[in-house]
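If you want the building blocks of each chain, they are given just below.
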Amino acid sequence: MMALIPVTILTGFLGSGKTTLLKHILTEEHGKKIAVIENEFGEENIDNDILVQDNQENIVQMSNGCICCTIRGDLVEALNSLWEQRKDKKISFDRVVIETTGVANPGPVAQTFFMDDDVADHYVLDAVVTLVDAKHGPQQLTEHEEAQRQVGFADQIFITKTDLVTPAEVDALRNRLMHMNSRAPIQGISKGVVPLDAVLDLKGFNLNAKLDIDPHFLEQDDHDHSTCGHDHSHDHHDHAGHTDRIQSFVFRSDKPFDHKKLEDFLGGILEVFGEKMLRYKGVLYVKGSNRKVVFQGVHQMMGSDLAGVWGAEPKQTRMVFIGIDLPKDTLLAGLEGCLA
């Protein structure tokens, strides 16, 4: 059986710099064979600038070995079409980058890779990469829930156009993004293109025990960093006078979970709050098992697996939840109640 093809979802609000990055992917001599699916609806299209093509043709081979596939319809159809042409050796590519339209919620795109059997047989979702415009991002996050969702789903966030604002404004935006999504590393860039190695092979949807659950946790000087057992969340209510509907919180405990209690509780909260839960992920310490349990999910779809044995490191559960108007206190108390 052929290896699964890794897929990166590239998202970000209008003007965040996705087209600049795509032009880099499609024209630079980087030696990678990438198929770019441009899922645009009515926006300015990248092929207007750099591609010459027949109107009837929707897959174009680039001189650097990359492929541009512009679709106006079904993503599943486009992915299956690319796969068939690759199988028939008509085209060649080793990975796929999907650009979502600037006002899109990336959730349904991510779910495609878990819900459609044909897609799941051929592709594996690697990561959601979100670009946020340093100049216009703060206002877009305040006015558009879609922009917040894009941040909430991210495995990696890039703040673009940092040269157009002050360092203090970049710091304020970074702080806001951290509170919305505590599990995604954030990197600022200016006047340039994101290196492809920082976009590809991030393994954001990989179930493994080396999860960076909360990369910014130690940066929060105004929070308690002791491992007392439960909520080490980034409380945030008013950042510069606004409250974001999408927030994240972290649950940590040195006590083991009762597996049955946790299973019942997670099943219940997914049933009630599934649509509001954008991303969640964790490494679990479960009573009676000497191995780590890793889990993650998108909305109501959750997967879990056994990982390696607990070595010399302290046994500790680490979970992060990112969602819309989630009842944090209720969820934390519920998780606490599942401890053995």
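Residues numbered from 1 in each chain as written. Predicted model: local features only at pLDDT ≥ 70, side-chain atom pairs only at ≥ 80, totals over all residues. Heavy atoms only, no water.

K.L.:
Tell me about unusual backbone geometry, and name the residues and values.
P.N.:
At K203, a residue that is not glycine, the phi angle is positive and equals roughly 55°. Note on K203: relative accessible area 47%, which makes it partly exposed. Its identity is not glycine, yet D325 carries a phi of approximately 50°, on the positive side. With respect to the helices, strands and loops of the structure, D325 is situated in the loop between β13 (317–324) and α10 (328–336). You can call D325 partly exposed: its relative accessible area is 38%. (Buried < 20%, exposed > 50% of the residue type's maximum accessible area, 1.4 Å probe, protein only. Helix = DSSP H or I, 4+ residues; strand = E, 2+ residues; numbered from the N terminus.)

K.L.:
Account for the pattern of salt bridges, with residues named and values stated.
P.N.:
In total, this model carries 12 salt bridges according to the counting rule given. A salt bridge links R245 to E145, with the shortest nitrogen-to-oxygen separation between them at 2.3 Å. On the criterion of sequence distance, the pair formed by R245 in the loop between β8 (186–188) and β9 (246–253) and E145 in helix α7 (residues 145–152) is long-range, its members being 100 residues apart. Its salt-bridge partner being D264, residue K260 comes within 3.0 Å of it at the nearest N-O pair. With K260 and D264 both in helix α9 (residues 259–273) and four residues apart, this pair spans about one turn of that helix. According to the relative accessible area criterion, D264 is partly exposed, its value standing at 46%. The network of salt bridges with common partners includes E145, R149, R245 and D325. (Salt bridge = Lys/Arg side-chain N within 4 Å of Asp/Glu carboxyl O.)

K.L.:
Quick rundown of the nonpolar core? Include the residues and the values.
P.N.:
By size, the foremost hydrophobic cluster in this structure holds 51 residues, and its most contacted members are I37, L82, F93, V96, F113, Y123 and L177. When residues in this core are grouped by element, the largest group, six residues, is from helix α3 (residues 75–87). Of all hydrophobic cores here, the second largest spans 22 residues; its members include Y280, L284, F295 and L339. (Core = buried A, V, L, I, M, F, W, Y, C linked by side-chain atoms within 4.5 Å.)

K.L.:
Quick rundown of the sheet that holds strand β11 (residues 291–298)? Include the residues and the values.
P.N.:
Taken in spatial order, the five strands line up as β9-β13-β10-β11-β12 in an open sheet, and their pairing is antiparallel. Each end of this open sheet is capped by a strand with a single partner; those strands are β9 and β12 (301–309). Looking at each pair of strands side by side, their axes are set apart by 10° on average, direction ignored. Relative to β11, strand β10 (residues 277–284) is paired through six bridges, and the arrangement is antiparallel. Bridge pairing in β11 places R279 opposite V298. Across the sheet, α9 is in contact with β10 and β12; its angle to β10 comes to roughly 170°. Sitting on the sheet, α10 is in contact with β9 and β13, with an inclination near 20° to β9. (Pairing = 2+ DSSP bridges. Axes fitted to C-alpha atoms, helices over the stretch in contact; angles between N-to-C directions. Contact = heavy atoms within 4.5 Å.)

K.L.:
Please give an account of helix α8 (residues 167–180) that cites residues and values.
P.N.:
The terminal C-alpha atoms of α8, which comprises 14 residues, lie 20 Å apart, in line with the 20 Å expected from a rise of 1.5 Å per residue. If you check which residues of α8 are buried, you get V170, L173, R176, L177, M178, H179 and M180. (Expected span 1.5 Å × (residues − 1).)

K.L.:
Can you tell me about the confidence of the model for the protein chain, naming the residues and giving the values?
P.N.:
Detailed reading of the predicted model is not advised wherever pLDDT is low. Scored by pLDDT, the protein chain comes out at a mean of 84, with 83% of its residues at no less than 70. For residues 41–56, every residue scores under 50 in pLDDT, and the model assigns this stretch 28 contacts once sequence neighbours within four places are set aside. The low-confidence segment residues 220–240 (pLDDT under 50) makes 51 contacts with residues lying over four places distant or belonging to another chain. (pLDDT = per-residue confidence, 0-100.)

K.L.:
Can you lay out the packing of α9 against α10 for me, pointing to particular residues and giving the numbers?
P.N.:
Running from N to C, α9 and α10 point in directions that differ by 160°, and their axes come no closer than 10 Å. The angle between the axes of α9 and α10 places the two elements in the roughly antiparallel class. In this structure, the crossing between α9 and α10 has a hand that is right-handed. Across from L262, F265, I269 and F273 in α9, the residues of α10 making contact are L331, G334 and L335. Of the residues assigned to the contact of α9 with α10, the class counts are six nonpolar, one polar and no charged. (Parallel < 35°, antiparallel > 145°, perpendicular 65-115°, else oblique. Left-handed = near helix turned anticlockwise from the far one by under 90°. Nonpolar A, V, L, I, M, F, W, Y, C, P; charged D, E, K, R; others polar.)

K.L.:
Explain the packing of aromatic side chains to me, using residue names and the numbers behind them.
P.N.:
The tally for this structure, following the rule as stated, stands at seven aromatic pairs. Their ring planes at 70° and their centres at 6.0 Å tell us that Y285 and W310 sit as a pair that is edge-to-face. Placement of the pair is Y285 in the loop between β10 and β11 and W310 in the loop between β12 and β13, with a sequence separation of 25 residues. For the pair Y285 and W310, one class covers both residues: buried. Connected via pairs of aromatic rings, a cluster forms that spans F249, Y280, F295 and F321. The ring of F205 has R279 lying over it, and the distance from NZ or CZ to the ring centre is 3.9 Å. (Phe/Tyr/Trp six-rings, centres within 6.5 Å; stacked < 30°, edge-to-face > 60°. Lys NZ or Arg CZ within 6 Å of the ring centre and 35° of its normal.)

K.L.:
So what's going on with the environment of S182? Which residues, and what values?
P.N.:
Structurally, S182 can be placed in the loop between α8 and β8. Note on S182: relative accessible area 0%, which makes it buried. Sequence separation of S182 and A154 is 28 residues, and the distance between their C-alpha atoms is 10.0 Å.

K.L.:
Run through the pairing of β9, naming residues and quoting values.
P.N.:
Taken across its eight residues, β9 has seven buried, putting it largely inside the fold. In this structure, β9 lies alongside β13, joined through eight bridges in antiparallel fashion. Among the inter-strand pairings, F249 is bridged to a residue of β13, identified as F321.

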